[in-house]
Amino acid sequence: MSDDVVSLLQRAKEKIAAGWGQGDYEPEPGLVCASKAIQVGAACPIQDQYDMGVALAKTMNCDSPGRRHNIPHHNDYCLRTQADALDWFDRAIAYAKEQP
Ligand SMILES: [Zn+2]
């Protein structure tokens, strides 16, 4: 994946580091869920947006086997803490770096 995808994921991780929550895009002022964190607007090439989603989907390590989670569901049902969310984004960043 491109360097742009890596840096976009790193920016999203910084937003989560500044405040993370569950149950809504912005559960409280200053808190974002993973779906909100990766929203970078129309300026982001569609391929980069897609690749971010792939990197996050591949690294969910869902602890509810058999359930296929998308990003908002995983954020709300599998992640317990902000640290869990940051670990997830670390795995996604590592995955994006490894992909051609
Ligand atoms: Zn999950």
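1. Quick notes on the overall build of the protein chain
Then step 1. Tallying secondary structure elements over the protein chain gives 5 helices and 0 strands in all.
Then step 2. Counting from the amino terminus, the protein chain carries its helices and strands in the arrangement α-α-α-α-α.
Then step 3. Taking 100 residues into account, the globule formula puts the C-alpha radius of gyration at 13 Å, and the protein chain, at 13 Å, falls close to it.
Then step 4. Principal axes of the C-alpha set define a box for the protein chain whose edges measure 35 × 30 × 20 Å.

2. A closer look at unusual backbone geometry
Then step 1. For Asn61, which is not glycine, the phi dihedral falls at a positive 50°.
Then step 2. The residue Asn61 is located in the loop between helix H3 (46-58) and helix H4 (71-77) in this model.

3. Some points on the packing of helix H1 (residues 3-18) against helix H5 (residues 82-98)
Then step 1. Relative orientation of the contacting elements H1 and H5 amounts to 175°, with a least axis distance of 9 Å. With respect to H5, the axis of H1 lies roughly antiparallel. Taken together, the residues of H5 that come into contact with H1 (itself represented by Val5, Val6, Leu9, Gln10, Ala12, Lys13, Ile16 and Ala17) are Gln82, Ala85, Leu86, Phe89, Ala92, Ile93, Ala96 and Lys97.
Then step 2. Each residue belonging to the contact of H1 with H5 can be placed in one class, and the counts come to 12 nonpolar, 2 polar and 2 charged.

4. Notes on the nonpolar core
Then step 1. In terms of nonpolar packing, the biggest core is built from 25 residues, with Val5, Leu9, Ile16, Ala55, Phe89, Ala92 and Ala96 touching the most fellow members.
Then step 2. Listed by contribution, the elements that provide at least two residues to this core are H1, helix H2 (34-37), H3 and H5.
Then step 3. The leading source of residues in this core is H5, at 7 residues.
Then step 4. Beyond its immediate stretch of four places on either side in the chain, Val5 contacts Asp48, Asp51, Met52, Ala55 and Ala96.

About the criteria used
Residues numbered from 1 in each chain as written. Predicted model: local features only at pLDDT ≥ 70, side-chain atom pairs only at ≥ 80, totals over all residues. Helix = DSSP H or I, 4+ residues; strand = E, 2+ residues; numbered from the N terminus. Rg over C-alpha atoms; globule rule 2.2 N^0.38 Å. Axes fitted to C-alpha atoms, helices over the stretch in contact; angles between N-to-C directions. Parallel < 35°, antiparallel > 145°, perpendicular 65-115°, else oblique. Contact = placed C-beta atoms within 7 Å. Nonpolar A, V, L, I, M, F, W, Y, C, P; charged D, E, K, R; others polar. Core = buried A, V, L, I, M, F, W, Y, C linked by C-beta atoms within 7 Å. Buried ≥ 20, exposed ≤ 12 C-beta atoms within 10 Å, placed from the backbone.

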